[in-house]
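# Coordinate inspection notes
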Amino acid sequence: MADAPVLARRRIWVIAVAVGALALSGTAAGASLVIKSPAQEAAERAAPAPDLLTAPVERRVLKDSVILRGTVRAGQSVDVSPSVTPGEGAATPVVTKLLVAPRATVTDGKVLLEVSGRPVFALRGALPVYRDLKPGATGGDVAQLQRSLGELGHRSGDDPPGTFGPGTKAALTGFYASIGYDPLPAYADGGEALKAARDAVTAAERALQDAQDAQDEMDAANEPFLSPTGNPSTGNPSTGNPSTGNPPAGKPATSKAAKRAVQRAREDLGSARTDLAAVLATDGPMLPAAEVVYLDGFPARVDSIPAHVGSKVSGAAVMTVSAGALVVQGTLQEYQKGLVRPGQRVQILSEVSGVTAAATVASVATAVDGGQAPGQTSAGQQDQDQGRGQDQGGTSGPRGYPMVVRPDQPLDTQLAGQDVRLTVEAASTDGVALVVPVTAISAGADGRTVVTVVAKGGAQRRVEVRPGTTGDGFVEVVPLGGGVLAEGDRVVTGVRDTSSGTPSKDAAGDVSKDASSGR
């Protein structure tokens, strides 16, 4: 039993040695993680080998969907602002009746309102009213009035087109009667001018009759002094010879003054009749400029009525009326204009009502509009605008090129005045072109716009280019300065960081988006 303590001490020693060895092993392992050789440290500090991202140069038609805002408008919008001049002693003209309501439909010949008891009506015509039309007037505006009245069933008879004659008078009188009003007379004198002209004719007729009677009496008095042949007698001046037909002696009365009086009376009568004809030609009903609004077509629409019964008419618009088919007007920016041309298909979307409609680009202006254009985006920019909201104002933005879009089918009149979204489908360049991804374009320190071409062996060369039209993330490029760029060449679009597996910035420098959108 004396050996038992010895054995216990030996076990303790063995265990202590084992624990110490284990501790030394852990310390060595930890040191190996902290202590590095110079070569290992340099290797870890070096950047990993770059992984270039490239894309092929393509030769094709560049297509894009151009998206912009537009406003639905009628082909014609007219501010109704009657220019009424109050007569002597009359009060300021006021609106006495409103015969239509906002958004109401207007038909040909419809009375819109009354101003101081007089009607203001709509007729078909393209020529704006610029003067009062009175009997005797001639011109294109008279011809337009004749056509308009004729369409309403009031023909102008035998009046030549463009001449306000008796037939047009009758037609105008008939139209006013059909809407429940009397036409205003061309002369506001209560008929005094016509009465005076007729009185002048009557007086001239009487004067002529008196002159003729005086001449007849003188001729009768001179008859004894005339020979049988009608000439003054040359016989004995003291005695006549009835048996031979000689007149009695004496001096015949002269008739020269009487004849002259008759001639002058006849001339005066002719002048009086000419004056009467002139008064008759210009007398009758007139069409005041303040009583008619010409519109391109019907049915038309009442857009707004800022006035009310009792409003004074002082030149400001009392009503706005639109006519003609609804179209959409938008504005293209410089970078979009090269992609849009007349005849291309367009999709119209009203976010308010959800209505969609197919349409066609009707026209694109060639000059920059001086006004402000609605906000707009292209498909390439759409993602950047996400989360910023739509430009609903339509009243601000850069200047641009006005564009008109014509729907295939008539739009609902409720869309008039709405701001809508226009998508020009499959917009494209005029022909095939060399195109590269937008990210392949870079601006060097020297200010040149370049792409970096990578050869099969990995060699790189820069080619100066002029960027053109953009679309769907690509940009048209044209080599400059003798640079060579061909379809199938690989161009650098970025560098992949092998340490993180994510693309880094362009190998040729920061991407210049402005350069890619320049013209």
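Conventions used here
- Residues numbered from 1 in each chain as written.
- Predicted model: local features only at pLDDT ≥ 70, side-chain atom pairs only at ≥ 80, totals over all residues.
- Heavy atoms only, no water.
- Helix = DSSP H or I, 4+ residues; strand = E, 2+ residues; numbered from the N terminus.
- Buried < 20%, exposed > 50% of the residue type's maximum accessible area, 1.4 Å probe, protein only.
- Contact = heavy atoms within 4.5 Å.
- Areas by Shrake-Rupley, 256 points an atom, 1.4 Å probe, with all protein chains shown as cover.
- Pairing = 2+ DSSP bridges.
- Axes fitted to C-alpha atoms, helices over the stretch in contact; angles between N-to-C directions.
- Parallel < 35°, antiparallel > 145°, perpendicular 65-115°, else oblique.
- Left-handed = near helix turned anticlockwise from the far one by under 90°.
- Expected span 1.5 Å × (residues − 1).
- Phe/Tyr/Trp six-rings, centres within 6.5 Å; stacked < 30°, edge-to-face > 60°.
- Lys NZ or Arg CZ within 6 Å of the ring centre and 35° of its normal.
- Core = buried A, V, L, I, M, F, W, Y, C linked by side-chain atoms within 4.5 Å.
- Salt bridge = Lys/Arg side-chain N within 4 Å of Asp/Glu carboxyl O.
- pLDDT = per-residue confidence, 0-100.

### Quick word on the overall build of the chain
Scanning the chain for helices and strands turns up nine helices and 20 strands. Counting all 519 residues of the chain, 36% fall into the buried class. Across the chain, the fraction of contacts at a sequence separation of at least 24, relative to all contacts at a separation of at least 6, is 72%. As displayed, the chain has an accessible area near 28,500 Å², and 55% of this comes from carbon and sulfur atoms.

### Some thoughts on the pairing of strand β7 (residues 292–295)
Here is the key point about a regular strand: its side chains alternate between the two faces of the sheet. Where burial is concerned, the two faces of β7 agree: the one with V292 and Y294 and the one with V293 and L295 are both buried. When strand β6 (residues 118–124) meets β7, the two strands line up parallel, connected through four bridges. Residue pairing in the sheet places R124 in a bridge with L295 of β7.

### Focus on the sheet that holds β7
One open sheet accounts for four strands, arranged β3-β5-β6-β7; its pairing is mixed. The sheet terminates laterally at β3 (95–98) and β7, the two strands that pair on one side only. Strand-to-strand, the axes of this sheet are offset by a mean angle of 25°, without reference to chain direction. In terms of strand pairing, β3 meets strand β5 (residues 111–115) through three bridges, oriented antiparallel. For L98, the partnering residue across the bridge sits in β5 and is L113. Together, β6 and β7 form the strand contacts of helix α3 (residues 140–151), whose direction differs from that of β6 by roughly 90°.

### Some details on the packing of helix α5 (residues 192–222) against helix α6 (residues 256–282)
Running from N to C, α5 and α6 point in directions that differ by 165°, and their axes come no closer than 8 Å. What the angle tells us is that α5 and α6 run roughly antiparallel. In this structure, the crossing between α5 and α6 has a hand that is left-handed.

### Here's the deal with α3
For α3, spanning twelve residues, the distance from its first C-alpha to its last is 17 Å, which sits close to the expected 16 Å at 1.5 Å a residue. The element α3 is largely enclosed, with a buried count of nine among its twelve residues. Turning to α3, its buried residues are D141, V142, A143, Q144, L145, Q146, S148, L149 and G150. Buried residues along α3 sit in contact with β6, α4 (166–178) and β7. Just beyond α3, the residue with positive phi is G153, at close to 95°.

### Here we look at the packing of aromatic side chains
If you walk through the whole model with that rule in mind, you get three aromatic pairs. Judged by centre distance (5.7 Å) and plane angle (85°), the ring pair of F121 and Y176 falls under edge-to-face. Of the two residues, F121 is situated in strand β6 and Y176 in helix α4; the sequence distance between them amounts to 55 residues. Summarising the burial analysis for this pair, F121 and Y176 share the class buried. For the pair F175 and Y176, a centre-to-centre distance of 6.0 Å together with 70° between the ring planes defines the contact as edge-to-face. Joined through ring pairs, the aromatic side chains of F121, F175 and Y176 make up one cluster. Between the NZ or CZ atom of R60 and the centre of the ring of F474, over which it lies, the distance is 4.7 Å. Geometry around Y401 places K337 over its ring, the cationic atom sitting 5.1 Å from the centre.

### Some remarks on the side chain of S311
With respect to the element layout, S311 can be found in the loop between β8 (300–304) and β9 (319–332). A relative accessible area of 13% means that S311 is categorised as buried. With sequence-adjacent residues up to four places away left out, S311 is seen in contact with P93, V94 and V95.

### Digging into the pairing of strand β10 (residues 345–349)
Covered by surrounding structure in β10 are V346 and I348 only, the residues R345, Q347 and L349 on the alternate face being uncovered. Sheet topology places β10 next to strand β11 (residues 356–364); five bridges connect them, and they run antiparallel. From the neighbouring strand, Q347 faces β11, where its bridge partner is A358.

### Looking at the nonpolar core
Counting residues in hydrophobic clusters, the biggest one holds 23 residues, and the most contacted among them are V328, L332, V340, I348, M403, V405 and L422. Elements with a contribution of two residues or more to this core: β2 (58–80), β9, β10, β11, β13 (401–407) and β14 (419–437). Sequence-distant contacts of M403, that is, excluding residues within four places in its chain, are made with L68, V328, Q329, G330, L332, V340, V361, S363, V364 and L422. By size, the runner-up hydrophobic cluster in this structure holds 22 residues, among which are L113, V115, A300 and V318.

### Regarding α5
Owing to its 3.6 residues per turn, the α-helix aligns residues three or four sequence positions apart on the same side. Relative to the 45 Å expected for 31 residues at 1.5 Å per residue, α5 spans 45 Å between its end C-alpha atoms, a close match to the ideal helical length. Turning to α5, its buried residues number three or more, namely L194, A197, V201, A204, L208, A211, Q215 and N222. The inward-facing, buried residues of α5 abut α6.

### Notes on the pattern of salt bridges
Under the counting rule described, the total for this entry stands at 13 salt bridges. Where D446 meets R448, a salt bridge forms, and the shortest distance between an N and an O atom there is 2.7 Å. R448 sits in the partly exposed class, given a relative accessible area of 39%. As a salt-bridge pair, D489 and R461 come within 3.8 Å of each other at their nearest N and O atoms.

### Quick look at the confidence of the model for the chain
On average, residues of the chain carry a pLDDT of 79, and 72% of them reach 70 or more. Put simply, helix α8 (residues 382–385) is where the chain has its lowest mean pLDDT, 36, and α3 is where it has its highest, 97. A low-confidence stretch, residues 372–397 stays under pLDDT 50, and its non-local contacts, those more than four residues away or across chains, total 52 contacts. Taken as a whole, residues 505–519 scores under 50 in pLDDT and shows 45 contacts with residues more than four places along the chain or in a different chain.

### Focus: unusual backbone geometry
Following F298, the chain continues to P299 via a peptide bond in cis, the omega torsion being 0°. Tracing the sequence through the fold places P299 in the loop between β7 and β8. In this structure, R103 takes a positive phi of about 70° despite not being glycine. Residue position: R103 is located in the loop between β3 and β4 (105–106). Positive phi, normally seen in glycine, also occurs at S116, with a value near 50°. As for its position among the elements, S116 is in the loop between β5 and β6. Classification of S116 by relative accessible area gives partly exposed; the value is 41%.

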